[in-house]
There are 2 protein chains.
Amino acid sequence: MTVQEAVNKLDELELKEFALGHAMGILSYDGATAAPKKSYIPRGKTMGCLAGEAYKLTTDKSAVAILDTLRSHADELDDNTIRRLELREKNLKEMRAVPIEQYVEYTELMNEADSAWHEAKEKSDYAIFEPYLRRVIDFTKLFAEKVNPDIAPYDYCLDKYEEGLTMQKAEAFFSALRERIVPLIARVGAAEAPDESVAKVLFPIEKQRALSDILMDKLGLPRDRCAIGETEHPFTTNFTPDDVRITTHYHEKAFLSSMYSVIHEGGHALYELGVDPKFSFTCLSGGVTMGIHESQSRFFENIVGRSRGFIDNLYPDLVRLCPEIGKYSAQDIYRAANKAQPSLIRTEADEVTYPLHIMVRYEMEKKMINGEVNTAELPEMWNAYYKEYLGVTVPNDREGILQDSHWSGAGIGYFPSYALGSAYGAQYLAKMREEMDFDAVVASGDLAPIRAWLGEKIWQYGSSKSPEWILKNALGAPFDPGYYLDYLENKMKDVYGI
Amino acid sequence: MTVQEAVNKLDELELKEFALGHAMGILSYDGATAAPKKSYIPRGKTMGCLAGEAYKLTTDKSAVAILDTLRSHADELDDNTIRRLELREKNLKEMRAVPIEQYVEYTELMNEADSAWHEAKEKSDYAIFEPYLRRVIDFTKLFAEKVNPDIAPYDYCLDKYEEGLTMQKAEAFFSALRERIVPLIARVGAAEAPDESVAKVLFPIEKQRALSDILMDKLGLPRDRCAIGETEHPFTTNFTPDDVRITTHYHEKAFLSSMYSVIHEGGHALYELGVDPKFSFTCLSGGVTMGIHESQSRFFENIVGRSRGFIDNLYPDLVRLCPEIGKYSAQDIYRAANKAQPSLIRTEADEVTYPLHIMVRYEMEKKMINGEVNTAELPEMWNAYYKEYLGVTVPNDREGILQDSHWSGAGIGYFPSYALGSAYGAQYLAKMREEMDFDAVVASGDLAPIRAWLGEKIWQYGSSKSPEWILKNALGAPFDPGYYLDYLENKMKDVYGI
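**What about the overall build of chain A?**
Then, number 1: Looking only at helices and strands, chain A features 20 helices and 3 strands.
Then, number 2: At 23 Å, chain A has a C-alpha radius of gyration in line with the 23 Å of a compact globule built from 498 residues.
Then, number 3: Considered along the principal axes of its C-alpha atoms, chain A spans approximately 70 × 50 × 45 Å.
Then, number 4: When each of the 498 residues of chain A is scored for burial, the buried share is 56%.
Then, number 5: Residue pairs in contact within chain A that sit at least 24 positions apart in sequence constitute 73% of those at least 6 positions apart.
Then, number 6: Considering chain A, the positive charge centre built from 56 side chains and the negative charge centre built from 78 side chains are found 2 Å apart.

Written out as structure tokens, the structure is:
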């Protein structure tokens, strides 16, 4: 097989992998948005079949032969082909770590664990979820050992979601955060809290849907390539830059909840919509890591969406859609949207206390993977950490350990990417400020210069570069969490006058 | 390979075929309901891949070997396995009639033809669609010749949608209809037309959505197995009895349009929901032919839904949802819903003139397939037939030859099944009347006895029996279009007093 033949075969293989992944993605999206409840029965069968086909395609000896050919001609390959080769080799190593029966068992476990988690959360009964979580942990440890026995198992987990992340780096990061966030929270706690009543006005759901349309326009999401749906848990899913979906959920008396979900998911969507289409149908398509992904979503949600300029610009639309908001000023909304207070639920947390929610999960995951705690003890440990880190008492497992879906999907190691992403975003902001009057751009309502900056430095590359390369390309300097801490302190100064 | 091994392999093969078909079906449904416009680009790639895989699966020599084994032990097989064998052999013959490249070209043509038809209809410009229709006709003729050179090509087309139908049977049927429908239409035309103004009241779309929920309840559609969506052209799609979808479209000033779409599609859905689940994931799942399918949808739409009892029962809900309807009586709605008048659009046509719309298409298709007309002449021929059969002048191609989607999906031969289905339904009605007080059941609002009758005689069998067997099982007598004509005459007598 010549190099060119191998590349052609790789294109063909990845198109087939794309087709199977695309089909499974649409089946999931349909399941979450439009499908009747019992559709899970045929969907389970189909997903099992397609996942089995995908496994066979990826691990088949003809697929391995393509990689072998490319590897033996590595010095003749261009950068993109080298990156494809590396990503595939990593993935193949993971898939071949266990026999196919076990791999299928693992994918089936994720489906079952997800159902069990939903039921457990609904009933606030951890015991329903516990046996599944135990098996998820066992599988995670097994993969860690088989794929990369030379590194600590939890380092393997971290690297899975943020290429290159280790416990050492994560802990340096968290300790830098802790040093300035803990005293900041104390100062905020001593100051007068903003009035939150504007966040609780009755905002009819039909009108909130109209608000979502306005927000999507303001973010610059092209509707012919990006649709919005409704689900209990908001998420983004993507296929190519021609088809990206976001979802939100509406609560009549909590319009900020959907508003910031739309902006957050909109940030993920902008990233996916901005990837160079030449990567479509290959393994270089799509955002590179969860850390870089969350750096987009949390940038738009918080740095853009929770800014005074953005809220000022949106204010007339808010009043038009919900006249009761006219009793409040834009400044009232700004303060309500930035109220900082230790709380129970991560996804509803403010920017300042948010990283503490992540640190709780980080500490717990580390102990889970290192075997320092058994699954039966986890709820108690969760509650103790929330008391210690956030000072709040967890009333039940539903608002405690069962709140997030990640572990049911075997996403152990995912959480740190949220905090990292937030910190990356603050450093983008500092860099952008060197090149544009950021506040004026946001206040103008036309975010095109911001999209252009992120598009050029980050989005266009998809997965064709490592996250380290992308960060360096965007920042022109090493990552420094000091920017994030400066940003948080300034925000609190502005909101609380402290 | 033993018989048992062959059956096991067949189960495995059909599960995979199901998975690919299910994925493609959900991709289509999503494309019609939720997807952004440009998603057609990745969807096209994925559909092409999955269709190619499905073709390979079905025609692979291992699949053929299963059939060969079963065929050589035909006398040892049970009825269901025999039927599977026969259906697969017929399908295989069709797929192998042309080489794979040509088969792929044909499936691609259907995608392209569908886009072209949409554009042509939007612009009312037949010229956009004509080259695609020409290729569709050529392919249809090619398949007819390759698959079954011993029968007339248009007989091959008819059999595809209604197993066993031939031109001879169709023409006997149509001529029986013509004999009594043409004078009936003349009598109706001479009588005073019902006032239609109730059909044009402003019925807000939110309220029409609530009406759809009520209709689905009244029909007995279980919402955990049947969901409703919104599309320009209403349709039903099904996967297993655990997942069936119907769609409708809402127009603020034409509530009967959506109402009868929901009931029509609901009839299709009831059929699919009532198939014995033991046939799921095999080629015996799903309704047997389009004729039997349309006999369910048109039974519920017309015989149930356009009856005085059904409308009486629904009336309080209609007035509650749309108080302006309170100015009219249930009898006014009944008469408006049954107004008979020659018109341009098949899907909006009344029960009496409906078969004439079908006859136009039948005559044209026959000439198309027999090469008696070239595609450039078709619009003129369409308009001439509408003048001759219905006495109406077609103002443009959008409301003329471009109105239906069937030909763009290569559905030549499909239309007669609508008229046949309507006629089957009238004979079910006569049979049901022997066993229940049909009018009282409909007026009671609880259609369970009707569902039980259809479920037992028809639905449960899925595709495990031929349509002839099913009809005979339901009717206990040969099919006789006289029942249909009696029904139509009685209906018009009741509505027009003629």
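**Considerations on the sheet that holds strand β3 (residues 243–248) of chain A**
All names here are of chain A.
Then, number 1: Sheet architecture is open: 3 strands sit in the order β1-β3-β2, paired in mixed fashion. The two strands at the open ends of the sheet, each matched to only one other strand, are β1 (226–230) and β2 (236–240). Across the sheet, the axes of successive neighbouring strands diverge by a mean angle of 20°, strand direction being ignored.
Then, number 2: Inspection of the sheet shows β2 paired to β3 by 4 bridges, in the antiparallel sense. Across the sheet, the residue bridging to Thr237 is Arg245, located in β3.

**Observations regarding the domain arrangement of chain A**
All names here are of chain A.
Then, number 1: Here the domain parsing of chain A yields domain 1 (3–149) and domain 2 (150–498).
Then, number 2: Distance from the C-alpha centre of domain 1 to the C-alpha centre of domain 2: 26 Å.
Then, number 3: Each partner contributes residues to the interface: domain 1 has 42 residues there, and domain 2 has 52 residues.
Then, number 4: A buried area of about 4,000 Å², summed over both sides, lies between domain 1 and domain 2, and 63% of it is on carbon and sulfur atoms.
Then, number 5: Linking domain 1 with domain 2 are 3 salt bridges.

**Brief notes about the pattern of salt bridges**
Then, number 1: All chains considered together, the criterion is met by 76 salt bridges over all chains.
Then, number 2: A salt bridge links Asp224(A) to Lys38(B), with the shortest nitrogen-to-oxygen separation between them at 3.8 Å. In this pair, Asp224(A) sits in the loop between α9 (205–219) and β1 while Lys38(B) sits in the loop between α1 (3–33) and α2 (40–59), so the two residues belong to two different chains.
Then, number 3: With a relative accessible area of 30%, Asp224(A) lands in the partly exposed category.
Then, number 4: One salt bridge in this structure joins Arg308(B) and Asp312(B), with 2.9 Å as the shortest N-O distance. Taken together, the residues Arg308(B) and Asp312(B), both in helix α12 (residues 308–321) and 4 residues apart, mark about one turn of the helix.
Then, number 5: For Arg308(B), a relative accessible area of 33% gives the class partly exposed.
Then, number 6: By relative accessible area, Asp312(B) is classed as partly exposed at 33%.
Then, number 7: Several salt bridges converge on common partners, so that one network encompasses Asp11(A), Glu14(A), Glu17(A), Arg84(A) and Arg88(A).

What counts as what
Residues numbered from 1 in each chain as written. Chains lettered and ligands numbered in written order. Predicted model: local features only at pLDDT ≥ 70, side-chain atom pairs only at ≥ 80, totals over all residues. Heavy atoms only, no water. Helix = DSSP H or I, 4+ residues; strand = E, 2+ residues; numbered from the N terminus. Rg over C-alpha atoms; globule rule 2.2 N^0.38 Å. Buried < 20%, exposed > 50% of the residue type's maximum accessible area, 1.4 Å probe, protein only. Contact = heavy atoms within 4.5 Å. Lys, Arg positive; Asp, Glu negative; His and termini not counted. Charge placed at Lys NZ, Arg CZ, Asp CG, Glu CD. Pairing = 2+ DSSP bridges. Axes fitted to C-alpha atoms, helices over the stretch in contact; angles between N-to-C directions. Domains from an automatic or database assignment. Buried area = accessible area lost by both parts, 1.4 Å probe. Salt bridge = Lys/Arg side-chain N within 4 Å of Asp/Glu carboxyl O.

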